[in-house]
Amino acid sequence: MVKVVKFGGSSLASAEQFAKVGQIIRSDKERKFVVPSAPGKRNAKDTKVTDMLYACYELAENEQDFRIQMMKIKDRYDSIINGLQLKLSLEEEFKQITANFKEKAGADYAASRGEYLNGIIMANYLGYTFIDSAEVIFFDEEGNFDAEKTDKVLSARLAECENAVVPGFYGSNPDGTVRTFSRGGSDITGSIVSKAVHASVYENWTDVSGCLVADPRIIKDAKPIKVITYRELRELSYMGASVLHEDAIFPVRKAGIPINIKNTNAPEDEGTLIVESTCQKPEFTITGIAGKKGFVAVNIDKDMMNAEVGFCRKALQAFEDNGISIEHMPSGIDTMTVFVHQAEFEGKEQQVIGELRRLARPDVIELEADLALIAVVGRGMRSNRGTAGRIFSALAHANINVRMIDQGSSELNIIIGVSNNDFDAAIQAIYDIFVETRL
Ligand code: ASP
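Being a predicted model, the structure only gives us computed values, none of them experimental. The written sequence of each chain sets the order in which its residues are numbered from 1. The model is predicted, so local features are restricted to residues of pLDDT at least 70 and side-chain atom pairs to those at 80 or more, both for listing and for counting; the totals for chains, interfaces and linings are taken over all residues. Each side-chain value is worked out from all heavy atoms of the structure, with water and hydrogens disregarded.

Draft legend 1. Broad picture of the site of the ligand. When at least one non-hydrogen atom of a residue lies within 4 Å of a molecule or strand, that residue is treated as near it. What surrounds the ligand is the set S37, K48, T50, E115, F169, R183, G184, G185 and S186. N or O atoms within 3.5 Å of each other form a polar contact, as long as, within protein, one can give a hydrogen and the other can take it, and as long as residues adjacent in sequence are counted only when both atoms are side-chain atoms. Here an oxygen atom of the ligand and a side-chain polar atom of R183 are 2.7 Å apart. Here an oxygen atom of the ligand and a backbone polar atom of G185 are 3.4 Å apart. Per-residue and other accessible areas were derived by the Shrake-Rupley procedure at a 1.4 Å probe size, with only the shown protein chains allowed to occlude residues. For the ligand, whose free accessible area comes to 260 Å², the fraction covered by protein is 93%. Three residue categories are used. Nonpolar comprises Ala, Val, Leu, Ile, Met, Phe, Trp, Tyr, Cys and Pro, charged comprises Asp, Glu, Lys and Arg, and polar comprises the others, including Gly. Here the residues of the shell around the ligand sort into 1 nonpolar, 5 polar and 3 charged.

Draft legend 2. Seen up close, the packing of helix α10 (residues 311-321) against helix α12 (residues 349-360). Note on geometry: axes are lines fitted to C-alpha atoms, helical ones only across the stretch in contact, with angles between N-to-C directions running from 0 to 180 degrees. We count a stretch as a helix when DSSP gives it H or I for four or more residues in a row; a strand needs E for two or more, and each element gets its number in order from the N terminus. Relative orientation of the contacting elements α10 and α12 amounts to 155°, with a least axis distance of 9 Å. Considering their axes alone, α10 and α12 lie roughly antiparallel with respect to each other. Remark: the crossing between α10 and α12 carries right-handed chirality. For the pair α10 and α12, the contacting residues are F311, K314, A315, Q317, A318, F319 and D321 in the first and V352, E355, L356, L359 and A360 in the second. For the contact of α10 with α12, a count of residues per class yields 8 nonpolar, 1 polar and 3 charged. If an angle is under 35 degrees, it is roughly parallel; if it is over 145, roughly antiparallel; if it lies from 65 to 115, roughly perpendicular; otherwise it is oblique. For any pair of crossing helices, the crossing counts as left-handed if the nearer helix is rotated counterclockwise from the farther one by less than a right angle, and right-handed if it is rotated clockwise. For this analysis, residues touch if any pair of their heavy atoms sits within 4.5 Å.

Draft legend 3. Geometry of the sheet that holds strand β7 (residues 201-206). Here, strands pair whenever DSSP counts at least two bridges between them. Spatial ordering of the open sheet is given by β3-β4-β2-β1-β7-β9-β10-β8, a layout of 8 strands whose pairing is mixed. Edge positions in the sheet fall to β3 (129-130) and β8 (227-229), since each of these pairs with one other strand and no more. Docked against the sheet, helix α1 (residues 15-26) engages β1 (3-7), β2 (31-36) and β7, running at close to 170° with respect to β1.

Here it is in structure tokens:
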């Protein structure tokens, strides 16, 4: 059995953190393939190496002196190397990187050096083979990840290795230049590597003990989620819960490989297991709660709306033509409401209303701003009667006015609209009723 282990930036921010990671890897022989991020923040005020590289490259691109910034980056790596007492010098690497910066090798190349260099250190520290991701992870002409080519080359290459370090976050374009995934993309690399070696599990090591039932900034000591399905996770991350890069799910999900989110600073904690499906009963009726603030509800009324064929299409056209994405669309007999992002909508408000009038000829259009959407997600809701009732009585007890209700046909989630000001209190009330009182 083989495990792929990906370590995030905070797990690799210093020699001390590297040592913890070393211990984790060495404690399990199955942890054969390692995907490191770049060194992250050592404390709240620190800067991630990736951000230092972007800033440094910007100077290079504007033909300004970037030597001091480059030195500071080198210092971060040197302190790890020295702290681990490795016999390794990155002198030549930094000469090459400096020369490439001068030749304007691109911001993607610049940023990718964060994981590239960390990968070299990690391989040296563990005695594992180092594989440059530019040689095994590919993007196509349009800049999209080329899954087929990557899988072929990567699995052949990894089959030759007993163990290896494959740096996260980047690969190469068809012309050989470096390209990165979007920010946080080392999660994707971990997933791709897991698929290529048919891992039994993809361990994603970070600085929290897994996904929590609710945002810890709102709920103090929020409980961890032990097992969550991919679909539940997708619903929660769409609503703002951030654990994993969204695109990291696809490769492993397709291959039937579970993801285990683990904490480098508390390796004994079970963490969260993300699976395709499970017959394990969830600990609570709900799996998680997440939400976002800053929506506008556009209420559109028209007498006999339901009898008018094509009304919805015309109304929605007004949003589409203005490039506004629609979040939710609950409807009544002669009314429909369209939820949009306030920040996206504000600048185009009058154009949208004008076009709505022209295309759909409604009787009334009303706008309501400063709304929040909260998703209560859980595979357990389907088999439990009265979940919605419990949510609404909890909200009523907390004196919260519910502005919108939307239950997806999958019965996997219930989405509730409340005013921005009630956001935290609403999440607290729902959390308490399901988790604290275990109703
Ligand atoms: N180092 C990159 C970033 O900061 C990628 C990653 O850490 O996943 O976004």
